[in-house]
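Remarks on the overall topology
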Amino acid sequence: MVAPATSSNDIEKIRVDLGKRGYDIFIGDGLVAQAGTYISDLQPDARCIIVTDDNVNALHGDTLRQSLSDAGLESHTISVAPGEPSKGFPTLETVVDGVLAAGMERGDVLLAFGGGVVGDLAGFAAGIVRRGMGFVQIPTSLLAQVDSSVGGKTGINSPRGKNLVGLFNQPSLVLADTSVLDTLSDREMRAGYAEVAKYGLIDQPDFFHWLEDNHEAVFAGGAARRHAIAQSCRSKAAVVKADELENGSRALLNLGHTFGHALEASVAYDSERLVHGEGVAIGMVMAHEFSNRLNHCGPEAAERVIAHLEKVGLPTRLDQIPGPKPTLDQLIDAIAQDKKVSRGALTFILTEGIGKSFVSKDVPVSQVRDYLQQKLNASA
Ligand code: GLY
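These numbers were taken from a predicted model, which means no experiment stands behind them.

Turning to the site of the ligand, a few remarks are in order. Lining the immediate environment of the ligand, one finds Asp147, Lys153, Lys236, Glu246, Arg250 and Leu253. Protein coverage of the free-state accessible area of the ligand, which is 200 Å², stands at 87%. Looking at the shell around the ligand residue by residue, the classes come out as one nonpolar, no polar and five charged.

Turning our attention to the environment of Leu110. In this fold, Leu110 is placed in strand β5 (residues 109–114). Residue class for Leu110 comes out buried when judged on its relative accessible area of 0%. The spatial distance from the C-alpha of Leu110 to the C-alpha of Asp10 is 26 Å, given a sequence separation of 100 residues. Not counting the four nearest positions on each side in its chain, Leu110 is found in contact with Ile49, Val51, Val99, Ala122, Ala126, Met133, Gly134, Phe135 and Val136.

The backbone of Arg131 sits at a positive phi, close to 60°, despite the residue not being glycine. Relative to the elements of secondary structure, Arg131 occurs in the loop between α4 (116–128) and β6 (134–139). The phi dihedral of Asn295 falls on the positive side, at around 65°, and the residue is not glycine. Within the element layout of this structure, Asn295 appears in the loop between α10 (276–293) and α11 (299–311).

Following the criterion strictly, the structure yields eight aromatic pairs and no others. Note on Tyr193 and Phe219: the rings are 5.1 Å apart at their centroids and 35° apart in plane angle, and the pair reads as tilted. Taken together, the residues Tyr193 in helix α6 (residues 186–203) and Phe219 in helix α7 (residues 205–220) connect sequence positions 26 residues apart. Taking the ring centre of Tyr199 as reference, the NZ or CZ of Lys198 above it sits at 5.2 Å.

To continue, consider the pairing of strand β2 (residues 23–28). In terms of burial, β2 is a largely internal element, six of the six residues being buried. Both faces of β2 are covered, namely the face carrying Tyr23, Ile25 and Ile27 and the face carrying Asp24, Phe26 and Gly28. When strand β1 (residues 12–16) meets β2, the two strands line up antiparallel, connected through five bridges. Bridge pairing links Val16 to Tyr23 in β2. If you look at the hairpin formed by β1 and β2, you'll find six residues sitting between the two strands, and Gly19 has a positive phi there, around 60°.

Quick look at α11 now. If you check α11, its first and last C-alpha atoms are 19 Å apart, about what 13 residues at 1.5 Å a residue would give, namely 18 Å. Listed as buried for α11 are Ala301, Ala302, Val305, His308 and Leu309. Viewed along the axis of α11, the buried residues span an arc of 130°, placing them on a single side of the element. As for α11, its buried residues are in contact with α6, α7 and α10. In the segment just after α11, Gly313 is the residue with positive phi, at about 90°.

A few words on the packing of α6 against helix α8 (residues 223–242). Running from N to C, α6 and α8 cross one another at 55°; their axes reach a closest spacing of 10 Å. Overall, the two elements α6 and α8 adopt an arrangement that is oblique. Regarding α6 and α8, the two cross each other, and that crossing is left-handed. In this structure, α6 contributes Met189, Val196, Tyr199 and Asp203 to the contact, and α8 contributes Arg225, Ala228, Ser232, Ser235 and Lys236. Taken together, the residues of the contact of α6 with α8 sort by class into four nonpolar, two polar and three charged.

Before going further, it helps to examine the pattern of salt bridges. Under the counting rule described, the total for this entry stands at 20 salt bridges. For Lys13, the salt bridge identified is with Asp24, shortest N-O distance 3.9 Å. Taken together, the residues Lys13 in strand β1 and Asp24 in strand β2 connect sequence positions 11 residues apart. A residue is classified by how much of its surface remains accessible, and Asp24, at 15% relative accessible area, is buried. Here Asp108 ties to Arg47 by a salt bridge, and the two come within 3.5 Å at their closest N and O atoms.

The next subject is α10. Side chains three or four residues apart in an α-helix point the same way, a direct result of the helix having 3.6 residues per turn. Counted at 1.5 Å a residue, the expected span for α10 with its 18 residues is 26 Å, and the 25 Å between its end C-alpha atoms agrees. Among the 18 residues in α10, 14 count as buried, and that is most of the element. The positive-phi residue at the C-terminal boundary of α10 is Asn295, with phi of around 65°.

Rules and cut-offs
Residues numbered from 1 in each chain as written. Predicted model: local features only at pLDDT ≥ 70, side-chain atom pairs only at ≥ 80, totals over all residues. Heavy atoms only, no water. Near = heavy atom within 4 Å. Areas by Shrake-Rupley, 256 points an atom, 1.4 Å probe, with all protein chains shown as cover. Nonpolar A, V, L, I, M, F, W, Y, C, P; charged D, E, K, R; others polar. Helix = DSSP H or I, 4+ residues; strand = E, 2+ residues; numbered from the N terminus. Buried < 20%, exposed > 50% of the residue type's maximum accessible area, 1.4 Å probe, protein only. Contact = heavy atoms within 4.5 Å. Phe/Tyr/Trp six-rings, centres within 6.5 Å; stacked < 30°, edge-to-face > 60°. Lys NZ or Arg CZ within 6 Å of the ring centre and 35° of its normal. Pairing = 2+ DSSP bridges. Expected span 1.5 Å × (residues − 1). Arc of directions from axis to C-beta. Axes fitted to C-alpha atoms, helices over the stretch in contact; angles between N-to-C directions. Parallel < 35°, antiparallel > 145°, perpendicular 65-115°, else oblique. Left-handed = near helix turned anticlockwise from the far one by under 90°. Salt bridge = Lys/Arg side-chain N within 4 Å of Asp/Glu carboxyl O.

In structure tokens form, the structure reads like this:
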């Protein structure tokens, strides 16, 4: 494992090696204020259209615009309402129309400046305007910096479900400014951290151990935070390189997500009750417990996951979700919607222990049902 950088002024660079579609991720403090330099190096005469949300625009929009202007780049801004409802057809139409109204051409650059919603929406818009224009991800949440801005998944929700309309569309560059994370709420920061811990649990036991020892420093900022984000991006870049279009091993990135998505669906995506990263945290505990139940690992793996996530203040149990408890049928229906059921079997990410996850395509629905029933009884 790469040792953490020692100076908090360092910028880490990671290559997502996808041949002609490859790109660099830069990670460090102050990158929003330097974005103009990076973008003019990439596309010297480009005009820029910033797609952001009202919160990020109010906090950091002027810094980005000033940086672009200092680098001699013209910019326009489209700001959408914050939150998941913006990830739909009406806002997509507004964004596409705004990009065209600003006269953007294929050689110009769309800057997706915000969290996961903005990144997914703006990346999709960039992929369809004029059959595709360049775009740069400037993620401003921890979750977006370690997951959604890297790997090219873009899209919107349909009234029939989340992320059902979209494209694989790789950005030309990712600028992850670790200092903007200081403006996140503790809850948002913790929720993003669940995805950081996920990389350790997938296949990097040393990284999980490092997080157990260093999580407080990661939350504090500086070199440890940058290292955690860089290690997560390195891990994601390797998975995406091996299976860009998710025909097989990229599914490992869904560790904890099958249970987590079912919990999110059971609260009707009410972020007051449960945000995505919290669902993933409980889901990762469940994936380890379920793997133990199927005799793939001992009980100590789940115990260690619970101990760590509790230390950082993430939920690990169903009864920590406020409001009415989900029913068994709600959870099973949501899992069946989320994953293809084939002859009564489900695809799940299971594990043989910390950092030893694998894709299983033959988990009997009956086993999932029995496990969930036991969980629901235990949380009564
Ligand atoms: N967030 C999962 C993936 O990018 O495949």
